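# Descriptive analysis of the structure
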Amino acid sequence: MQGKTVIECFTRKHSVETQDFASLQVPALNFPNLETGMNDNYLYAAMSLDIDPDANVAVEGRYDALSAPLQSGNVRVEACKKGLHKILELLDVYDINATLFYEARTAQMLIADRMDLPELSQNHEIACHSLKHEDYLGKVSGLPMKEDAIQESIAGAREILEGIFGRTVRGFRAPYTRVNQTVIKVLERMDFHYDSSETINLGTTWNGKPFPLKTFDSTIIELPLPAFPDARGKKMTSYLWAIFEGKRNAQEYIDAVVRAKEIAQGGLFVFAIHPWHLWINSQGDIFADEQVARNLKNFESIISQLKRMKGIRIIRMDKYLGKWR
Ligand SMILES: [Zn+2]
C-alpha cells in the first residue's frame, strides 16, 4: 500500500556511513495484502543469530577468521556454545522462532563438542554465514577473494549445513556483514532467496520492506539490518553487540522498535546477535559473572518486551519473505 513513499522521519544526517540505496524510492516488492497475508498494521520483528567463532577477527594475509587474541592463533567456540545454549533456551521460553546464520566450521565444532544442533535448532530457520568466516572483500586480509573462491566457500558451507540439518538453506549473511557484487552474484547463481548483510537507515532511504539488490545488479532479495538514531540523534543499529560492551541499554532498542512501528508498517526489523558476546567481549576477554548475568537480563528484557508489544509480530526471516514471494 505504501510502496510509493519512503517516509522521511529521521534526519538525513544519520545516513552517514550507511548504504545510500537511491533505488529504494519505489520498492519493487509490494504485493496485495489479501494475497500474501501480510498486514501493514504490524511491524514484523526477527531475531537472527550469527553463530561464529568466539571474538572472531579477520587476519592480514589469510582468508579465514581466528579468535581474538590473535597471539593464540586458534579458533574457539566455548563462549559461542554457552551463549547459544542460553539464547535458544530463552527463545523457547518466550516461544520465539529465530533465524540461525551458521558459520559451517562453527557448526561442525559445536557438534564435535557434543552439542545436538539439529535438535536444538528445530524450530528455527537454518541459514548460512560462510564456511570459515572468510573476509570475502579482503578489507582486512588484503586478499580480496575471486569469484570461484567465494563460490567454493559458500557452496561448501551450504553443503555442510544441509548435511547437518537435513534442510535446504536459502538465507545468507556475510562475515563482517560485508558483500560486494561478486558475493551477491554467487548467491544468486546458487539460488539463495535472500541476503541479510546490508545495514540501511530506516525511515530515510528505506521503509523496512524487502527489495531486490539492484545496487549490485541483482534480483536477489535483501532483508537488511536497520540503522536508526538514538534519543540524542546518534546513530545505532539493531546488531546487539553494543549492549554487551556496555555502550547501550535494552530500552534504547525497544524505543527504536516503537519508532519503527510508526515509519515501517509491514516492514521487517531484524535484530542480530553473536551468541559468544554474552560471555566474552570482542577482544576475547571473559566477562565477570555479574556482566554475563546483566547481558542475559538485557537480552531477555528485549525479547520479552518485543513479545508483549502491541502491533509487533515476531517472525522468522524465511517465513516473512515467504509471505512476500
Ligand atoms: Zn560473523
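Look a little higher up for the structure.
Within the protein, the regular secondary structure consists of ten helices and 14 strands. Across the protein, contacts joining residues at least 24 apart in sequence account for 78% of those joining residues at least 6 apart.

Next up on the list: the pairing of strand β4 (residues 99–102). Here β4 shows a buried face lined by T99 and F101 and a second buried face lined by L100 and Y102. In this sheet, β4 lies alongside strand β1 (residues 43–51) in parallel orientation, the contact comprising four bridges. Residue pairing in the sheet places S48 in a bridge with T99 of β4.

Within a sheet, each strand pairs with its neighbour through backbone hydrogen bonds, oriented either parallel or antiparallel. Strand order in the open sheet formed by three strands is β8-β11-β12, with mixed pairing between adjacent strands. The open sheet is flanked by β8 (199–201) and β12 (235–237), the only strands paired with a single partner. Averaged over all pairs of adjacent strands, the angle between strand axes in this sheet comes to 35 degrees, irrespective of strand direction.

The element strand β13 (residues 268–273) is largely enclosed, with a buried count of six among its six residues. The two faces of β13 match: L268, V270 and A272 on one face and F269, F271 and I273 on the other face are all buried. Across six bridges, β1 lies against β13 in parallel orientation. Bridge pairing links S48 to A272 in β13.

Looking now at the packing of helix α3 (residues 104–112) against helix α5 (residues 147–165). Following both chains from N to C, one finds α3 and α5 inclined at 35 degrees, their axes separated by 9 Å at the closest point. The handedness of the crossing between α3 and α5 comes out as left-handed. The residues of α5 that touch α3, namely those facing A104, A107, Q108 and I111, are G156, A157, I160, L161 and I164. Among the residues making up the contact of α3 with α5, the classes are represented as seven nonpolar, two polar and no charged.

Ranked by size, the top nonpolar core spans 89 residues in total, and within it A45, A46, Y102, C128, F269 and V270 carry the most contacts. Looking at this core element by element, the count peaks at seven residues for β1. The residues touching C128, leaving out its near neighbours within four places in the chain, are F101, Y102, I154, A157, R158, L161, V169, G171 and F172.

This next bit is on the packing of α5 against helix α6 (residues 181–189). Two elements in contact, α5 and α6, have axes whose closest approach is 10 Å; the angle formed by their N-to-C orientations is 50 degrees. Taken together, the axis directions place α5 and α6 in an arrangement best described as oblique. Crossing of α5 against α6: the hand is right-handed. Contacts from E147, I150, Q151 and I154 of α5 reach α6 at T182, V183 and V186. By residue class, the composition of the contact of α5 with α6 is four nonpolar, two polar and one charged.

All right, on to α5 then. Between its terminal C-alpha atoms α5 stretches 27 Å, which fits the 27 Å expected from 19 residues at 1.5 Å a residue. Three or more residues of α5 are buried, namely I150, S153, I154, A157, R158 and L161. Viewed along the axis of α5, the buried residues span an arc of 120 degrees, placing them on a single side of the element. When the buried face of α5 is taken as reference, the exposed residues oriented beyond 90 degrees from it are D148 and G163. Elements that come into contact with the buried residues of α5 comprise β4, α3, β5 (125–128) and α6. Of the residues one or two after α5, G166 is the one with positive phi, at around 65 degrees.

Cut-off values and rules
Residues numbered from 1 in each chain as written. Predicted model: local features only at pLDDT ≥ 70, side-chain atom pairs only at ≥ 80, totals over all residues. Helix = DSSP H or I, 4+ residues; strand = E, 2+ residues; numbered from the N terminus. Contact = placed C-beta atoms within 7 Å. Buried ≥ 20, exposed ≤ 12 C-beta atoms within 10 Å, placed from the backbone. Pairing = 2+ DSSP bridges. Axes fitted to C-alpha atoms, helices over the stretch in contact; angles between N-to-C directions. Left-handed = near helix turned anticlockwise from the far one by under 90°. Nonpolar A, V, L, I, M, F, W, Y, C, P; charged D, E, K, R; others polar. Core = buried A, V, L, I, M, F, W, Y, C linked by C-beta atoms within 7 Å. Parallel < 35°, antiparallel > 145°, perpendicular 65-115°, else oblique. Expected span 1.5 Å × (residues − 1). Arc of directions from axis to C-beta.

By themselves these figures say nothing about function.
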